[in-house]
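What follows is each chain in one-letter form.
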Amino acid sequence: MSSSVQDPIPQLDIGDTFGALFIGVIIAAVLFGLSNVQTLIYFQTYRDAGMTFYKLSVICLWILDALHLALIIHCMYYYLVINYANVNALTEIVWSFKLSLVIEVLIVYAVHILYVYRIWIFSKGKSRTLPIAVGIVIILNSGVAIALLWALYQCSVFSDLVKVEWATYMALAAITFADVVIASSLCYLLATSRTGFSSTNSLITKLMAYIINTGCLTSVCSLTAMITCAAMPNNFVFLAIEFLLAKVYVNSFLALLNARHYMQVNTDTDNSFQFRNRHGVYRPELHIGASEDEGPRNDVFKHSDVEAVELSQAESVKRPITATTEMSSSSSG
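Residues numbered from 1 in each chain as written. Predicted model: local features only at pLDDT ≥ 70, side-chain atom pairs only at ≥ 80, totals over all residues. Heavy atoms only, no water.

Participant: An account of the overall build of the protein chain is needed here, citing residue identities and associated values.
Facilitator: When you go through the protein chain residue by residue, the secondary structure sums to eleven helices and zero strands. Secondary structure of the protein chain in N-to-C order comes out as α-α-α-α-α-α-α-α-α-α-α. In the protein chain, which comprises 333 residues, the proportion classed as buried is 49%. Residue pairs at least 24 apart in sequence account for 78% of intrachain contacts in the protein chain once pairs closer than 6 positions are excluded. Total accessible area on the protein chain is roughly 16,100 Å²; 68% of this is exposed by carbon and sulfur atoms. (Helix = DSSP H or I, 4+ residues; strand = E, 2+ residues; numbered from the N terminus. Buried < 20%, exposed > 50% of the residue type's maximum accessible area, 1.4 Å probe, protein only. Contact = heavy atoms within 4.5 Å. Areas by Shrake-Rupley, 256 points an atom, 1.4 Å probe, with all protein chains shown as cover.)

Participant: Would you mind going over the packing of aromatic side chains in detail, with residue names and values included?
Facilitator: By the definition in use, this model includes 16 aromatic pairs. Considering the side-chain rings of Phe 53 and Tyr 117, the 4.7 Å spacing of their centres and the 55° angle between planes classify their relative orientation as tilted. Remark: Tyr 117 occurs in helix H5 (residues 95-122) and Phe 53 occurs in helix H4 (residues 53-82); sequence separation between them is 64 residues. Here the aromatic rings of Phe 97 and Phe 158 are separated by 5.8 Å at their centres, their planes lie at 65°, and the arrangement is edge-to-face. A residue pair is termed long-range when its members are at least 10 positions apart, and Phe 97 in helix H5 and Phe 158 in the loop between helix H6 (129-152) and helix H7 (165-191) qualify at 61 residues. The exposure class assigned to Phe 158 is buried, which follows from its relative accessible area of 5%. Three or more aromatic residues joined by ring pairs form one cluster here, namely Phe 18, Tyr 78, Tyr 79, Phe 97, Phe 158, Phe 236 and Phe 243. One residue, Arg 128, lies across the ring of Trp 120, its end atom 3.9 Å from the ring centre. (Phe/Tyr/Trp six-rings, centres within 6.5 Å; stacked < 30°, edge-to-face > 60°. Lys NZ or Arg CZ within 6 Å of the ring centre and 35° of its normal.)

Participant: How would you explain the environment of Leu 31 if you had to name every residue and give the values?
Facilitator: If you trace the backbone, Leu 31 turns up in helix H3 (residues 18-45). Separated by 220 residues in the primary sequence, Leu 31 and Asn 251 have C-alpha atoms spaced 7.5 Å apart. If we skip the residues at most four places from it in the chain, Leu 31 touches Leu 244, Lys 247, Val 248 and Asn 251.

Participant: Could you give an account of empty space enclosed by the protein, with specific residues and numbers?
Facilitator: Evaluation of the coordinates by the stated rule reveals five cavities of 30 Å³ or more. In this structure, the largest cavity occupies an estimated 280 Å³ of space. Only H5, H6, H7 and helix H9 (237-279) provide two or more residues apiece to the lining of the largest cavity. Among the elements that make up the lining of the largest cavity, the one with the highest residue count is H5 (six residues). (1 Å grid on protein atoms, 1.4 Å probe; cavity = no way out; pocket = protein on both sides within 12 Å on 5 of 7 lines; lining within 4 Å. Points joined across faces, edges and corners; volume = space filled by probe spheres on them.)

Participant: Mind laying out the nonpolar core, listing which residues take part and the relevant values?
Facilitator: Counting 84 residues, the largest nonpolar core has Leu 21, Tyr 79, Phe 97, Phe 158, Leu 161, Leu 239 and Phe 253 as its most contacted members. For this core, the elements supplying multiple residues, two or more each, are H3, H4, H5, H6, H7, helix H8 (198-231) and H9. Ranked by the residues each element gives to this core, the list is headed by H9, at 15 residues. (Core = buried A, V, L, I, M, F, W, Y, C linked by side-chain atoms within 4.5 Å.)

Participant: Could you give an account of H5, with specific residues and numbers?
Facilitator: Look at H5: 41 Å from first C-alpha to last across 28 residues, which is about the 40 Å you get at 1.5 Å a residue. Taking burial as the measure, the 28 residues of H5 include 21 buried ones, the bulk of the element. (Expected span 1.5 Å × (residues − 1).)

Participant: Tell me about the packing of H5 against H6, and name the residues and values.
Facilitator: Taken N-terminus to C-terminus, the directions of H5 and H6 make an angle of 175°; their axes are 10 Å apart at the nearest point. Comparing their axes, H6 and H5 come out roughly antiparallel. Between H5 and H6, the contacting residues are Phe 97, Lys 98, Leu 101, Val 102, Val 105, Tyr 109, His 112, Ile 113, Val 116, Ile 119 and Trp 120 on the first element and Pro 131, Ile 132, Val 134, Gly 135, Ile 138, Asn 141, Ser 142, Ala 145, Leu 149 and Leu 152 on the second. Tallied by class, the residues present in the contact of H5 with H6 amount to 16 nonpolar, four polar and one charged. (Axes fitted to C-alpha atoms, helices over the stretch in contact; angles between N-to-C directions. Parallel < 35°, antiparallel > 145°, perpendicular 65-115°, else oblique. Nonpolar A, V, L, I, M, F, W, Y, C, P; charged D, E, K, R; others polar.)

Participant: Can you break down the pattern of salt bridges residue by residue, with the values?
Facilitator: Pairing between side chains becomes possible if they bear opposite charge and their charged atoms approach one another. All told, the structure shown has two salt bridges when counted by the stated rule. Note that Asp 65 is salt-bridged to Lys 247, the shortest N-O span being 2.7 Å. On the criterion of sequence distance, the pair formed by Asp 65 in helix H4 and Lys 247 in helix H9 is long-range, its members being 182 residues apart. Here Asp 65 and Lys 247 have matching classes, each one buried. Its salt-bridge partner being Asp 160, residue Lys 163 comes within 3.7 Å of it at the nearest N-O pair. (Salt bridge = Lys/Arg side-chain N within 4 Å of Asp/Glu carboxyl O.)

Participant: Quick rundown of the side chain of Ser 35? Include the residues and the values.
Facilitator: If you trace the backbone, Ser 35 turns up in helix H3. In contact with Ser 35, not counting residues within four places along its chain, are Asp 65, Val 250, Asn 251 and Leu 254.

Participant: Provide a residue-level description of the side chain of Ser 219, including the pertinent values.
Facilitator: Checked against the element boundaries, Ser 219 lands in helix H8. Taking the relative accessible area as the measure of exposure, Ser 219 reaches 9% and is therefore buried. If we skip the residues at most four places from it in the chain, Ser 219 touches Thr 176, Asp 179 and Val 180.

Participant: Outline a nonpolar patch on the surface, supporting the account with residue identities and numerical values.
Facilitator: Taken together, the side chains of Phe 22, Ile 23, Ile 26, Ile 27, Val 30, Tyr 77, Leu 80, Val 81 and Ile 82 define a hydrophobic patch exposed on the protein surface, amounting to about 830 Å² of accessible area. Broken down by secondary-structure element, the contributors of at least two residues to the nonpolar patch are H3 and H4. Broken down by element, the residue count for the nonpolar patch peaks at five residues, all from H3. Relative to the helices and strands, Val 81 is located in helix H4. In this structure Val 81 comes out as partly exposed when scored by relative accessible area, which is 45%. (Patch = residues over 30% accessible without salt bridge, like charges linked within 9 Å, V, L, I, M, F, W, Y side chains within 5 Å.)

Here you go:
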């Protein structure tokens, strides 16, 4: 009976199993470097904003991301260095592999919760039905994640993973569904926030494009892991892709945070440039920097970086009205 459990591993191609995991770790390390760059850009952008809720969230995500990378590196070091040429060790699942999946689940659902918080902010003044419904979806998905982790910790050798494929399919499908729900909700809220000003509508369109792109990126990663698990269950290609899932979520969330600020700054610059060219008048009040829009924040939970961008968006809507009033008064005088 024991030989039937241990026979499949020696017959597997090392290149398709632990070689695939090794390549996945290398790509994960590259993505971690990219998340470091994005984290640095984020803190430089909001260096004068004080400690906000989103800054604390970015710090926590970075710590979890670094821990996840350390665990998968230990996993590969255990199999390819410590147990080099030890075929029997290749059949066992090391503790760092199991713990890395726990950290991965925490990262994915932490990002989902942050998106739900953003939906809650965007829905101010509107019906709260949408953010509550999205929150319920995320809570239900957490039950699927718990089932996956429970099934995983019942496995002691890699051949046991075949018996818990159902948990893998359920978890990846739930993650993909949550991505679609979150992206659709954010796009709906942004679409209903359109105004009569072309600059504001252009900014909203760009934000919707970023949300759709990031949602598609994470969904494609989850679907790829699901397809490779179904098509190639006897190798570890799908596990290598799952190593990347946490990195993709962190990078997509950080990219969206950074993109929103820079798009707002460019929009303010374009508005002031168009006004000067149209009227040939220099007005200092039209040059309001992003740091002035943010200002110091004393309350972490009342003033987030998202709210700072929303306030600056509101000011960009008011500026054309103010400028029109001033021009009409000066011409009448």
